[in-house]
Amino acid sequence: MALRDILVIPDPVLRKVCEPLAEVTPEMGTLFDDMLATMYDAPGIGLAAPQIGLLQRVVAIDITKDEDVDKDPMIFVNPEITWESDELADYEEGCLSIPEVFETVTRPAQVTVSYLDREGKHSSLDCDGLLAVCIQHEIDHLNGVLFIDHISKLKRDRIVKKFSKARRLAETG
Ligand code: NI
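Quick look at the structure, then. Per chain, residue numbering runs from 1 following the sequence as it is written. This being a predicted model, a pLDDT of at least 70 is required before a residue's local features are given, and a value of 80 or more before pairs of side-chain atoms are given or counted; all residues contribute to the totals for chains, interfaces and linings. Hydrogens and water are ignored here; the side-chain numbers use all heavy atoms of the structure.

Metal sites are built from N, O and S donor atoms within 2.8 Å, or 3.2 Å for Na, K and Ca, and they leave out water, so they may look incomplete. Only Cys95 (SG), His137 (NE2) and His141 (NE2) from the protein reach the nickel ion as donors, at distances of 2.1 to 2.3 Å. Within one chain, the residues serving as donors to the nickel ion are arranged as C-x41-H-x3-H. Taken together, the positions of Cys95 in strand E4 (residues 88-95) and His141 in helix H2 (residues 129-142) put the pair 46 residues apart, joining distant regions of the chain. The two residues Cys95 and His141 agree in class, both being buried. A run of H or I in DSSP becomes a helix once it reaches four residues, and a run of E becomes a strand once it reaches two; helices and strands are each numbered from the N terminus. Relative accessibility under 20% of the residue-type maximum defines a buried residue, over 50% an exposed one, and the middle range a partly exposed one, all with a 1.4 Å probe and only protein chains included.

Attention now moves to the sheet that holds strand E7 (residues 122-128). For two strands to be treated as a pair, DSSP must find no fewer than two bridges joining them. Strand order in the open sheet made by the five strands is E1-E2-E3-E6-E7, with antiparallel pairing throughout. Both outer strands of the open sheet, strand E1 (46-48) and E7, are each paired with one neighbouring strand and no more. Averaged over all neighbouring strand pairs, the angle between strand axes comes to 40 degrees, with direction disregarded. Sheet topology note: the E1/strand E2 (residues 58-61) ladder contains three bridges and is antiparallel. Bridging across to E2, Gly46 finds its partner in Ile61. Contact criterion: two residues are considered in contact whenever any of their non-hydrogen atoms come within 4.5 Å of each other. To define axes, lines are fitted to C-alpha atoms, for helices over the stretch in contact only, and angles between the resulting N-to-C directions are given on a 0 to 180 degree scale. Relative to the sheet, H2 contacts E1, E2, strand E3 (74-84), strand E6 (110-116) and E7, its axis offset from that of E7 by approximately 125 degrees.

Now for the state of the cysteines. Between two cysteines, a covalent bond joining their sulfur atoms is known as a disulfide. By definition, disulfides here are pairs of cysteine sulfur atoms that lie within 2.5 Å. This structure, assessed with the given rule, holds zero disulfides. The closest cysteine sulfur to the non-disulfide-bonded Cys18 is located on Cys95, 13 Å from its own sulfur. Cys134 supplies the cysteine sulfur nearest to Cys127, a cysteine that is in no disulfide, at a spacing of 9.4 Å.

Our next topic: the pattern of salt bridges. Salt bridges are counted wherever a side-chain nitrogen of Lys or Arg sits within 4 Å of a carboxyl oxygen of Asp or Glu. This model, assessed by the stated rule, comprises eight salt bridges. The salt bridge involving Glu93 is made with Arg107; its shortest N-O contact spans 2.7 Å. With Glu93 in strand E4 and Arg107 in strand E5 (residues 98-108), this pair connects stretches of sequence that are 14 residues apart. There is no split in this pair, since Glu93 and Arg107 are both buried. Connected through shared salt-bridge partners, Glu93, Arg107 and Asp140 make up one network.

Spelled out as structure tokens, the structure:
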């Protein structure tokens, strides 16, 4: 297992639309394990492949936060929302690619997701609560969408400006 570098805005890779995987091969286990390890190390509860620079439709999630609870690592390949509730829910979201920024986002409260699991088996999962928030946030990443796209333009512009300035300063040293 290896930890991968996590891209931060305004990296243009985070705005690209990812390609579906034609199939899940045993060799991809390394990528899945790397994504989970990188997510746990960050630490975070979700990570999408474009966040480590890979334009593939792969998502890692583990919403268990309590140290006493067993880990529940999940891999979603080519995840797609096949149903969403009319009921909405607010959650204060963050993102490993936008460190230390938290904003309230409104999304459908429940979704059903179809996907391939890490063995390549077709699966479907009904999600609510934090899992519903997380899977929608991560699928957004696969389409080049970030959680700040769901907040006001004024707030978003302020956040992007701050990170763009930080990057310029880092580049000019
Ligand atoms: Ni994110």
